[in-house]
Amino acid sequence: MKKRIYFNFLGLILLCSLLLSASVSGIMYYVIVNQEKAAIKDRAVLAADILNRGMDGSEGRYADYVNRDSDAARLTIIAPDGTVLLDNKAAATSMENHGDREEFSLAIQIGRGESTRYSGTLGASTYYYAIRLDDGNVLRVSMTVSSIVGTFTAILFTIAAVTVLVLLIANFAARRLARNILRPLSEIDFDGDNAAVYDELIPYAKKIDQQKREIAAQIAALKNRTDTIEVITGNMKEGLVLIDGAGSVLIANKSASKVFRESDMMQKSILHICRDIDFAQGVKQCLAGMGAELEMERGGNVYSVYFSPVRNGGEFNGGAILLFDITERYETEKQRREFSANVSHELKTPLTSISALAEMIENGMAKAEDVQGFAEKITVQARRLIGIIEDIIRLSEFDEGNVSREYSEFDVCELAKSVVEALREKAAEKRVAVGVTGDWLRVTANRRMIDELLYNLIDNAIKYNKENGEVTVALSREGDFCKIAVADTGIGISSEHHSRVFERFYRADKSRFKKTGGTGLGMSIVKHIAEHHGGRVELQSAEGEGTTVACWIAVDARL
């Protein structure tokens, strides 16, 4: 704006200066031309007067006067018939008859005449002034226009110099004027009263101030919304990624960065960040305006991924990608399927045996002396079936939180010894020595559950031990917890099975299970009982080096 004002002022002043210079030059030229013409007329009148008073009209006396002025204006003496008698600039004999010259004709007729025309003799435009002398001849005085222009040119340089000076002053004045005009505008204080602003601009200043306040309020609201969105998306457990129509990432929260293991995803192509084939297909469908859903494994976790196209007024603008971590649900579902399959298998085995034996008795295929043996086998399988069902019911109670909280005070050492005594016959069959170490230790807990915990641990230690092996039940107090550690010298468990030992129906050695029996739910029940009493379970084992299972239960489970 400053430049525009400056150039407008400068252009206006320049135009005025040029017009003024042209006008002055024209006037000066007109004045000089008229002055020169007047000088020629005066010269002609003076010369005519001299010739009329001092000359006898002879051609010789004309020649004396005319030749004396050879350096001045051009003087010509013309006879009444137009013959050139004398000329101080050229030979008269070489000049043509001047009877047709306008100034000569006027001088013959009225005594004086003038004209301006091109002169072939002088080779320039020339002004002529003629006077009829008393003897009838005509005196003509002339001067070329170039001589007049030369006089004007000398003055013109002065005019040009003055014009340039005026332009320089105008340039300085235009700059200063533009600066002074714009200073109040640049000094507008939208937070003040703007007393120094032009009166005409005060309404605009107030309007701008109002708009400024509205914009500031809108920016503050937008920032607040942005901060709120950032806080929400930043604390989302779900991954969120927004992409534009080309697949470049516009927004990615922390959870998404963790999923893709990319600290800075902004402006990067989502297809370059994740090269999974199914994921790429989902992105392409989303960019094509269609939704998509898939499950994807990444970094050991399983994610449910939703692709949703984003439109604004019917126009496609990009897409939103949501990633839900379903690892726990996936594992739970996987365990549920395995549990269902295992339950079906475990229940089917005894039921098949019972059904087959009962069918043989029913059809008379069994001999009378074999019926009792078949009945005993049916009883064993029925008890096994009941045991499986009771263990499943027990685990269901733990899952639903519907477990009895009837606590009583008892001595864990005494309870452990009673369990050992109950399993002594089984230990004797395996030639396994079982011992309990530890002092008197009283706890407040569910006696039946702790009895089941001890029974499962000691029974497994005997079952998976070697002949002539040992089982040690060590009881001790650690702060507010009672530690129960059952160690054996048995076959041990390889490290790859440690994380799954406490899963339902899981068996590290399935071939050995066929010999030892069991439901495969004992260790899972042990874990739930320990957790129900505010404790935990740890396993230490190596293949061929025995196993130690340590359980911690609160001394007072009521707390």
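Everything numeric here is computed off the predicted structure, so don't read it as measured data.

## Brief notes about the confidence of the model for the chain
Turning to step 1, where the next piece is worked out: On average, the chain scores 80 in pLDDT, and the residues at 70 or more come to 82%.
Turning to step 2, where the next piece is worked out: Taken as a whole, residues 511–516 scores under 50 in pLDDT and shows 11 contacts with residues more than four places along the chain or in a different chain.

## What about the pattern of salt bridges?
Turning to step 1, where the next piece is worked out: Tallied over the full model, the rule gives 14 salt bridges.
Turning to step 2, where the next piece is worked out: Notably, a salt bridge pairs R117 with E103, separated by 2.6 Å at the nearest N-O pair. Placement of R117 in strand β3 (residues 112–119) and of E103 in helix α3 (residues 102–110) is noted, with a sequence separation of 14 residues between them.
Turning to step 3, where the next piece is worked out: One salt bridge connects E538 with R536, and the closest N-O pair in it is separated by 3.5 Å.

## A short note on the packing of aromatic side chains
Turning to step 1, where the next piece is worked out: Inspection of the entire model under this criterion finds three aromatic pairs.
Turning to step 2, where the next piece is worked out: When the centroid spacing of 5.6 Å and the interplanar angle of 65° are considered together, the rings of F260 and F279 count as edge-to-face. Of the two residues, F260 sits in helix α6 (residues 254–260) while F279 sits in helix α8 (residues 277–287), which places them 19 residues apart along the sequence.
Turning to step 3, where the next piece is worked out: A relative accessible area of 2% means that F260 is categorised as buried.
Turning to step 4, where the next piece is worked out: Above the ring of Y128, the side-chain terminus of R117 is found at 4.2 Å from the ring centroid.
Turning to step 5, where the next piece is worked out: Here the guanidinium or amino end of R536 rests over the ring plane of W552, the centre of that ring lying 4.0 Å away.

## Regarding helix α15 (residues 522–532)
Turning to step 1, where the next piece is worked out: The buried fraction of α15 amounts to nine of the 11 residues, a majority that puts the element mostly inside the structure.
Turning to step 2, where the next piece is worked out: Along α15, the residues classified as buried are G522, M523, S524, I525, V526, H528, I529, A530 and H532.
Turning to step 3, where the next piece is worked out: Of the residues trailing α15, G534 is marked for its positive phi of about 75°.

## Focus on the state of the cysteines
Turning to step 1, where the next piece is worked out: One pass over the structure, following the stated rule, counts zero disulfides.
Turning to step 2, where the next piece is worked out: No disulfide involves C413; its nearest neighbouring cysteine sulfur is the one of C482, lying 9.7 Å away.
Turning to step 3, where the next piece is worked out: Considering cysteine sulfurs only, C482 is the nearest to C551, which forms no disulfide, with 9.9 Å between them.
Turning to step 4, where the next piece is worked out: We classify C551 as buried; its relative accessible area is 0%.

What counts and how
Residues numbered from 1 in each chain as written. Predicted model: local features only at pLDDT ≥ 70, side-chain atom pairs only at ≥ 80, totals over all residues. Heavy atoms only, no water. pLDDT = per-residue confidence, 0-100. Contact = heavy atoms within 4.5 Å. Salt bridge = Lys/Arg side-chain N within 4 Å of Asp/Glu carboxyl O. Helix = DSSP H or I, 4+ residues; strand = E, 2+ residues; numbered from the N terminus. Phe/Tyr/Trp six-rings, centres within 6.5 Å; stacked < 30°, edge-to-face > 60°. Buried < 20%, exposed > 50% of the residue type's maximum accessible area, 1.4 Å probe, protein only. Lys NZ or Arg CZ within 6 Å of the ring centre and 35° of its normal. Disulfide = S-S within 2.5 Å.

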